[in-house]
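Here is how the chains run, residue by residue.
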Amino acid sequence: MEAFTTHTGRAVPLRRSNVDTDQIIPAHWLKKVTRDGFEDGLFEAWRKDADFVLNRPERQGATVLVAGSDFGTGSSREHAVWALQNFGFKTVISSRFADIFRGNSLKNGLLTVVLEQKVVDALWELSEADPNAEITVDLHTRQVRAEGITADFELDENARWRLLNGLDDISLTLQNEADIAAYEAARPAHKPRTIDA
Amino acid sequence: MGRTLAEKVWDDHVVRRAEGEPDLLFIDLHLLHEVTSPQAFDGLRQAGRPVRRLDLTIATEDHNTPTLDIDKPIADPVSRAQLETLRKNCADFGVRLHPLGDVEQGVVHVVGPQLGLTQPGTTVVCGDSHTSTHGAFGALAFGIGTSQVEHVLATQTLPLARPKTMAITVDGELPEDVTAKDLILAIITRIGTGGGQGYILEYRGSAIEKLSMEARMTICNMSIEAGARAGMIAPDETTFAYLEGRDRAPRGEEWDAAVAYWKTLRSDDDAVFDAEVVIDATELAPFVTWGTNPGQGAPLSAHVPDPASYEDASERNAAEKALEYMGLTAGQPLREINVDTVFVGSCTNGRIEDLRNAAAILDGRKVANGVRMLVVPGSVRVALQAVSEGLDKVFTEAGAEWRHAGCSMCLGMNPDQLAPGERSASTSNRNFEGRQGKGGRTHLVSPQVAAATAVLGHLASPADLSDTRTPAGVR
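Residues numbered from 1 in each chain as written. Chains lettered and ligands numbered in written order. Predicted model: local features only at pLDDT ≥ 70, side-chain atom pairs only at ≥ 80, totals over all residues. Heavy atoms only, no water.

Draft legend 1. Examining the overall build of chain B more closely. The helix and strand tally for chain B stands at 16 helices and 19 strands. Relative to the compact-globule value of 23 Å for 475 residues, chain B shows a C-alpha radius of gyration of 22 Å, a close match. With the principal axes as the frame, chain B shows a C-alpha extent of 60 × 55 × 45 Å. Taken across its 475 residues, chain B has 65% of its residues classed as buried. Considering only intrachain contacts with a sequence separation of at least 6, the fraction spanning at least 24 residues in chain B is 76%. (Helix = DSSP H or I, 4+ residues; strand = E, 2+ residues; numbered from the N terminus. Rg over C-alpha atoms; globule rule 2.2 N^0.38 Å. Buried < 20%, exposed > 50% of the residue type's maximum accessible area, 1.4 Å probe, protein only. Contact = heavy atoms within 4.5 Å.)

Following this line, the structure appears as structure tokens:
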């Protein structure tokens, strides 16, 4: 996983709540068997509208997505995270994320930042007034900074440590091999098996 | 202090607990399908890792599979390649697979329970958000992303922060024609699409206890639409009766040991939930969605809401956008919404009871002119059972299309899709923009409402059908 420490970039203000993963990446894109090449599928239906915020010239190259509440609801498709990253986003800010999307984002180094809606409103207003306004998301200090705005955000210490160091979860877990083997040895015999032993 | 059902199952699966770290949980059952697994198998290959527990892993094909001409090569080359990738991965790593054409093939969440693999007190994961379905057995079951699929394949564990618990108590008797689907749609509208975020839901109360296993699966299936990764129901005699004798259920002494354990899986009387919601079952009615998220629903007797009536700016904005997309007008009676397509199927409502309920209404009636009705059984086993009961004939004589098993029009990854602007009444779980095909408009309904809607051509409940049946012997 790519490490996330601090990032500064311009924003895309997405004034929509309940942005579900079918909007982020429609199902027909899920037939691909790779983790890349999803950028053209990102918000595919909405991008057909020339006025959609992502299509505007002043938003090209922006890396911080500032979205309405309940971002990433719906399916567990990790492709939604890959599509945002393939397109160039480094971080997403919202007042609330769906649980599975949030888990997926943190496993890929896409930092999802939860801020109060009034701070999200302020970031929207700032970015709409000045498309060149930059937003800094600092994971060291767990703080979002922009002109006239400073807001702390929460992220549990373990997730933060893994992101800052770009650590691979599987390697970390396999360090506990003895614990896993001990648990397996003690499992009751009535537990289901998909194949005969 | 007592513990909740969720806490008991969680505690029984902790491999390692350390201060300041997520718990490492053991996973009893890992279900795989073609869409969310290819990148995970690639990860294993790159790291040179095997699948740790082949005996706790099983795969099927469902999302991409066609529901017509399944004996011919799959027409869409990209879908075909994805299915072939799963077959190669399962062969290379030794995973049990039920491919298209196999008698155990079907929607992954229908296959697990019918094989008897989904059992009380187990942890079940799958790269699919509707894994919450399996919670109906008192399992802790939740959807995961592809990185976690790889993690479970490699380690049979997941590091997870312990969620909070929410009790949803439904007391009283459900009125006639009100189904588990109506109940869960009403719950989602009540608590919102984010209401369950960070929680494991436990459905309880006298109305829940009376439900069949299949109805309980419908409820738990849509926990994710309320924002919760998992929903659970305490196992009871209904659960044990469903499981006994199934292919992978325990037998003999192991059955007795299992049941003794399963009977301990109830929230203690003094257990404390982090949140509680109480629903009066007697006040419920057939329920449909009008918008583009599953929380935008209302009783069938209601009208399309006026966005201006929402105090919250974000909800108002969402309602305006939803009405625009859905082509609806505020104040329009929901019963006057005409549909082009009716879909009966999916992991929400594609089991045998769902097909029986829809067929009972269609028997002796006809699908309205101009309406296309697709009936897609959740698995090959469900299809065979339906055929043995003659349900396929009921559907085809009514003018509906009887198809092969799979996810089908629930998400339109196969050719079963809505055309732009087309409107459906669908027994599936998501009414998102474009979910059933680009520009398609979806109303989520129960199988009974789906069947009545097919007959009348507009959103309707069985009670609206008083004299549409051809007298027996005439048809």
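There is more to say after this.
Draft legend 2. Expanded view of the domain arrangement of chain B. Residues and elements named next belong to chain B. Per the domain assignment, the segments of chain B are domain 1 (3–274) and domain 2 (285–462). With both chains or domains summed, domain 1 and domain 2 bury close to 3500 Å², and 59% of this area falls on carbon and sulfur atoms. When the area that domain 1 buries against domain 2 is broken down by residue, the three leading residues are Thr67, Lys181 and Glu214, summing to 18%. Viewed at the interface, domain 2 and domain 1 are joined by 2 salt bridges. Across the pair Arg381 and Glu104 runs a salt bridge whose closest N-O atoms are separated by 2.7 Å. Counting across the interface, domain 1 meets domain 2 through 26 residue pairs in polar contact (both at pLDDT 80 or more). Of the residues forming the side of domain 1 that touches domain 2, the biggest block, 6 residues, is contributed by helix α6 (residues 180–191). Considering only residue class, the side of domain 1 that touches domain 2 consists of 15 nonpolar, 19 polar and 8 charged. (Domains from an automatic or database assignment. Buried area = accessible area lost by both parts, 1.4 Å probe. Salt bridge = Lys/Arg side-chain N within 4 Å of Asp/Glu carboxyl O. Polar contact = N/O pair within 3.5 Å; in protein donor to acceptor, adjacent residues only side chain to side chain. Nonpolar A, V, L, I, M, F, W, Y, C, P; charged D, E, K, R; others polar.)

Draft legend 3. Region of interest: the packing of aromatic side chains. All names here are of chain A. Inspection of the entire model under this criterion finds 14 aromatic pairs over all chains. The interplanar angle of 80 degrees and the centroid separation of 6.1 Å between the aromatic rings of Phe71 and Phe97 together place this pair among those described as edge-to-face. A residue pair is termed long-range when its members are at least 10 positions apart, and Phe71 in the loop between β2 (64–67) and α3 (79–87) and Phe97 in the loop between β3 (91–94) and α4 (99–108) qualify at 26 residues. The burial state of Phe71 is the same as that of Phe97; both residues are buried. Considering the side-chain rings of Phe71 and Phe101, the 5.3 Å spacing of their centres and the 75 degrees angle between planes classify their relative orientation as edge-to-face. Of this pair, Phe71 sits in the loop between β2 and α3 while Phe101 sits in helix α4, and the two are 30 residues apart along the sequence. Following the ring pairs from residue to residue traces out a cluster consisting of Phe43, Trp46 and Phe52. (Phe/Tyr/Trp six-rings, centres within 6.5 Å; stacked < 30°, edge-to-face > 60°.)

Draft legend 4. Local environment of the interface of chain B and chain A. Every contact between the two is made by 78 residues of chain B and, on the other side, 59 residues of chain A. The three residues of chain B that bury the most area against chain A are Gln39, Arg52 and Gln197 of chain B, which together make up 11% of that side's buried surface. Counting across the chain B and chain A interface gives 13 salt bridges. Where Arg16 of chain A meets Glu433 of chain B, a salt bridge forms, and the shortest distance between an N and an O atom there is 3.1 Å. Summed over the shared surface of chain B and chain A, the result is 40 residue pairs in polar contact (both at pLDDT 80 or more). If you tally residues by element for the side of chain B that touches chain A, the top one is helix α5 (residues 146–155) of chain B, at 7 residues. Of the residues assigned to the side of chain B that touches chain A, the class counts are 26 nonpolar, 31 polar and 21 charged.

Draft legend 5. Seen up close, the nonpolar core. Phe43, Phe71 and Leu84 of chain A are the most contacted members of the largest nonpolar core, which has 81 residues in total. Ignoring sequence-local partners within four residues, the contact set of Leu84 of chain A consists of Ile24, Leu42, Phe43, Leu65, Phe71, Phe89, Val92, Phe101 and Leu110 of chain A. Among the nonpolar cores identified, the runner-up in size contains 80 residues, and Cys90, Met166, Ile168 and Leu284 of chain B belong to it. (Core = buried A, V, L, I, M, F, W, Y, C linked by side-chain atoms within 4.5 Å.)

Draft legend 6. Representation of the packing of helix α13 (residues 352–362) of chain B against helix α16 (residues 447–456) of chain B within the structure. Residues and elements named next belong to chain B. Closest axis-to-axis distance for the α13/α16 pair is 8 Å, and the angle between their directions is 30 degrees. In terms of orientation, α13 and α16 fall into the roughly parallel class. The interaxial crossing formed by α13 with α16 has right-handed handedness. Counting all contacts with α13, which are made through Asp354, Asn357, Ala358, Ile361 and Leu362, the residues of α16 involved are Pro447, Gln448, Ala451, Ala452 and Val455. Taken together, the residues of the contact of α13 with α16 sort by class into 7 nonpolar, 2 polar and 1 charged. (Axes fitted to C-alpha atoms, helices over the stretch in contact; angles between N-to-C directions. Parallel < 35°, antiparallel > 145°, perpendicular 65-115°, else oblique. Left-handed = near helix turned anticlockwise from the far one by under 90°.)

Draft legend 7. Up close: the UniProt feature "binding site: [4Fe-4S] cluster" (unreviewed entry) in chain B. Residue and element names in this part refer to chain B. The sites that carry the UniProt feature "binding site: [4Fe-4S] cluster" (unreviewed entry) are, in the present numbering, Cys347, Cys407 and Cys410. Judged by maximum C-alpha separation, these annotated positions cover 64 residues in sequence but sit close together in space, the widest gap being only 8.8 Å. Narrowing the list just given to those that line the largest cavity leaves Cys347, Cys407 and Cys410. Relative to the elements of secondary structure, Cys347 occurs in helix α12 (residues 346–349). (UniProt positions renumbered as here; feature names shortened; annotations may be inferred. 1 Å grid on protein atoms, 1.4 Å probe; cavity = no way out; pocket = protein on both sides within 12 Å on 5 of 7 lines; lining within 4 Å.)

Draft legend 8. Structural context of the UniProt feature "domain: Aconitase A/isopropylmalate dehydratase small subunit swivel" (unreviewed entry) in chain A. In the numbering used here, UniProt assigns the "domain: Aconitase A/isopropylmalate dehydratase small subunit swivel" (unreviewed entry) feature to residues 1–117 of chain A. Helix and strand shares over residues 1–117 of chain A are 24% and 18% respectively, and the end C-alpha atoms of the span are 29 Å apart.

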